[in-house]
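Structural characterization, general
Residues per chain, in single letters:
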Amino acid sequence: VISPLKASVNPKAETLEELHMRRKSMHLGMCKLLREDLALGLEQRLACCQAGTGEIRVAGEICDRVAMEFDQLIRAHRDEEMDACAFNEDERYKALTTEVIDGKKLALVKLDIYLESAARGSDPAALDRIRDAPLAHIGDPTVVLSLRTGATQFPWAAVVKDKSPEIDLGDWNAAPVAQEALEIVATALGDNANVRVVKIKGVQLALSEGWATARLAWADNAAVKALPATVAVVLRNCRGLTSLDLRSNSIDPASAACLAAAMPHLTALHTLDLSLNALAADGAAALAPALATLTALRELRLNGNGITGEAEANLRAALASIENLRLLI
């Protein structure tokens, strides 16, 4: 029996061009969903802002800004000039998909950085830098750290990307940086386990064993004298430090307040020499609460600082809980 064969013809079969267009349509559908997801995220963050303080107006403006930037991104994908064939090339399609998914995430990251900075009281110039930063740049961790902290002169690339053993801080001054931002800076610096030298104003501060260095002799040091707040950021990470010599550095009450921020982190410190400085009563008062946290301290030298009378009595009382402490005033 011979059965006739008939060619199967599917009138609904798609042409190659139609297949390409379908893939582009799927991609644009995903873009639409991501835009709706972004709108929800913006709405949720806006709802967290406090009414009646001007915060809602500011938050609304930055929400509109990041939404506009994301719209520009997906508009480029929707552009008729983008050949549908591009969506049929796997690597290109993957890149386009990744770009728009990351774009939504970066838009929310940018908004969060702005709102955190505004709540912290960052100056208008810092907020303008965040607002004007392109979404694509928000994907760079060094840019994010710079925007979150306002520390634009900090060598983020050397610290975070290159993990360089020598970090040149130049003239960067930590004094004006907000406490929350300083925590971010110090953490990023400490995460670089390769650090062996930190330069401040051209002066090399050697850390022979990195952050595990046990002894630091920085007496009569130009970097300590010029930028004590910056030196304090470095000291925060020296958690293995047992001996610190800061003699003859013209440390006054303002400098003492800067250095005090580092003291609670030096839990292994056994000997601290702050003699021959300019602490006086106010400097001693600024240091006392931080020094009281150093329970491992056995010798503290403060002679030559003009700490006498009531100031001396108050300091001794503040440090009375540290056992076996030899205090020289």
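Note: the structure precedes this text.
A word on the packing of aromatic side chains
The final tally for this structure, using the stated rule, is two aromatic pairs. Residues F154 and W156 carry aromatic rings whose centres are separated by 4.5 Å and whose planes lie at 55° to one another, so their mutual orientation is tilted. Its relative accessible area of 4% is what places F154 among the buried residues. Taking 5.0 Å as the distance between ring centres and 75° as the angle between the ring planes, the aromatic pair formed by F154 and W172 counts as edge-to-face. Within this pair, whereas F154 is found in the loop between α6 (141-149) and α7 (156-161), its partner W172 is found in the loop between β1 (166-170) and α8 (179-190), the two being separated by 18 residues in sequence. For W172, a relative accessible area of 6% puts it in the buried group. Clustering of aromatic rings is evident, with ring pairs tying together F154, W156 and W172. Lying over the aromatic face of Y93, R23 brings its terminal NZ or CZ to 4.3 Å of the ring centre.

Digging into the sheet that holds strand β6 (residues 271-273)
With respect to topology, five strands assemble into an open sheet ordered β4-β5-β6-β7-β8, the strand pairing being parallel. The strands lining the two open edges of the sheet, one partner per strand, are β4 (215-217) and β8 (326-328). For this sheet, the mean angle separating the axes of adjacent strands, direction not counted, is 5°. Across three bridges, strand β5 (residues 243-245) lies against β6 in parallel orientation.

Re helix α4 (residues 124-132)
What α4 keeps buried is the set A126, L127 and I130. Summarising the axial view, the buried residues of α4 lie within an arc of 100°, below the 170-degree limit, and thus occupy one face. Among the structural elements, α3 (90-119) and α6 are those in contact with the buried residues of α4. Where α4 begins, the side chain of D123 points an oxygen toward the backbone nitrogen of A125, at a separation of 3.0 Å.

Re the sheet that holds strand β2 (residues 197-200)
Pairing is mixed in the open sheet, where three strands are placed in the order β1-β2-β3. Across the chains shown, the open sheet's two edge strands, defined by having one partner strand only, are β1 and β3 (203-206). Averaged over all adjacent pairs, the angle separating strand axes in this sheet is 20°, with direction ignored. Where β2 meets β3, four bridges bridge the pair, whose relative direction is antiparallel. In the strand pairing of β3, V198 is matched with L205. Along the sheet, helix α10 (residues 228-235) contacts β1, β2 and β3; its crossing angle with β2, the most-contacted strand, is approximately 170°.

Procedures and definitions
Sequence positions are assigned chain by chain, starting from 1 and proceeding in written order. Thresholds applied to this predicted model are a pLDDT of at least 70 for local features of residues and 80 or more for the giving and counting of side-chain atom pairs; totals over whole chains, interfaces and linings are not thresholded and use all residues. The side-chain quantities take in all heavy atoms of the structure and omit both hydrogens and water. For Phe, Tyr and Trp, where Trp contributes only its six-membered ring, two rings pair if their centres lie within 6.5 Å, and the inter-plane angle classes them as stacked under 30 degrees, edge-to-face over 60, or tilted in between. Accessible area is worked out with a 1.4 Å probe on protein chains only. A residue is then buried under 20% of its type maximum, exposed over 50%, and partly exposed in between. Elements are defined by DSSP. Helices are runs of H or I of four residues or more, strands are runs of E of two residues or more, and each kind is numbered from the N terminus. Distance and angle both matter: a charge sits over a ring if NZ of Lys or CZ of Arg is within 6 Å of the ring centre and within 35 degrees of the ring normal. Paired strands, in this sense, are two strands between which DSSP finds at least two bridges. All axes are obtained by fitting lines to C-alpha atoms, using only the stretch in contact for helices, and the reported angles, taken between N-to-C directions, cover 0 to 180 degrees. The arc refers to the directions leading from the helix axis to the C-beta atoms. By definition, residues are in contact when any of their heavy atoms lie within 4.5 Å. For this analysis, a polar contact is any N or O atom pair within 3.5 Å, provided that within protein one partner can donate a hydrogen and the other can accept it, and provided that sequence-adjacent residues contribute only side-chain to side-chain pairs.

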